[in-house]
Amino acid sequence: RGFFERVVQEAGCEPGEVAYVGDRVDNDIDPAVDAGLVAVHVRRGPWGYIQEGADRAHVRVDSLAELPEALASLRSAVPGTGSSPSNGAMPRKAGS
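Quick look at the structure, then. (Residues numbered from 1 in each chain as written. Predicted model: local features only at pLDDT ≥ 70, side-chain atom pairs only at ≥ 80, totals over all residues. Heavy atoms only, no water.)

Those residues of helix α2 (residues 25-34) that fall on the buried side of the exposure criterion are Val 25, Asp 28, Ile 29, Pro 31 and Ala 32. On the buried face of α2, the contacting elements are α1 (2-11), β1 (19-22) and β2 (38-42). One or two steps after α2, the chain reaches Gly 36, where phi turns positive at roughly 90°. (Buried < 20%, exposed > 50% of the residue type's maximum accessible area, 1.4 Å probe, protein only. Helix = DSSP H or I, 4+ residues; strand = E, 2+ residues; numbered from the N terminus. Contact = heavy atoms within 4.5 Å.)

The following block contains the structure:
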């Protein structure tokens, strides 16, 4: 968790304003969510599909090319905040 706290500190933002992108639920998504960051799960390689718990991510994408649009959809979900809703409800890519 210290790593994620350091990321937020270095970014100079609130945790909910930092998106952390990863393809592993155990190493990326779970700790990012636990630290209050916006977790983005990239489904690639075997880990992207076989690990359970990817639904904890705020957003799931199939490639990094989808990332700008996915992050823009988060910003529009909570107008004027640029952060995640307090209830954790976030839009997901179609078919997620």
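Let's pick the thread back up.
This part takes up the pattern of salt bridges. Going through the model one piece at a time under the given rule, you end up with 6 salt bridges. Between Asp 26 and Arg 24 there is a salt bridge whose closest N-O contact spans 2.7 Å. Taking the relative accessible area as the measure of exposure, Arg 24 reaches 21% and is therefore partly exposed. The salt bridge involving Arg 56 is made with Asp 34; its shortest N-O contact spans 2.9 Å. In this pair, Arg 56 is assigned in the loop between α3 (47-50) and β3 (59-61) and Asp 34 in helix α2, connecting sequence segments 22 residues apart. Taking relative accessible area as the criterion, Asp 34 reaches 44% and is therefore assigned partly exposed. (Salt bridge = Lys/Arg side-chain N within 4 Å of Asp/Glu carboxyl O.)

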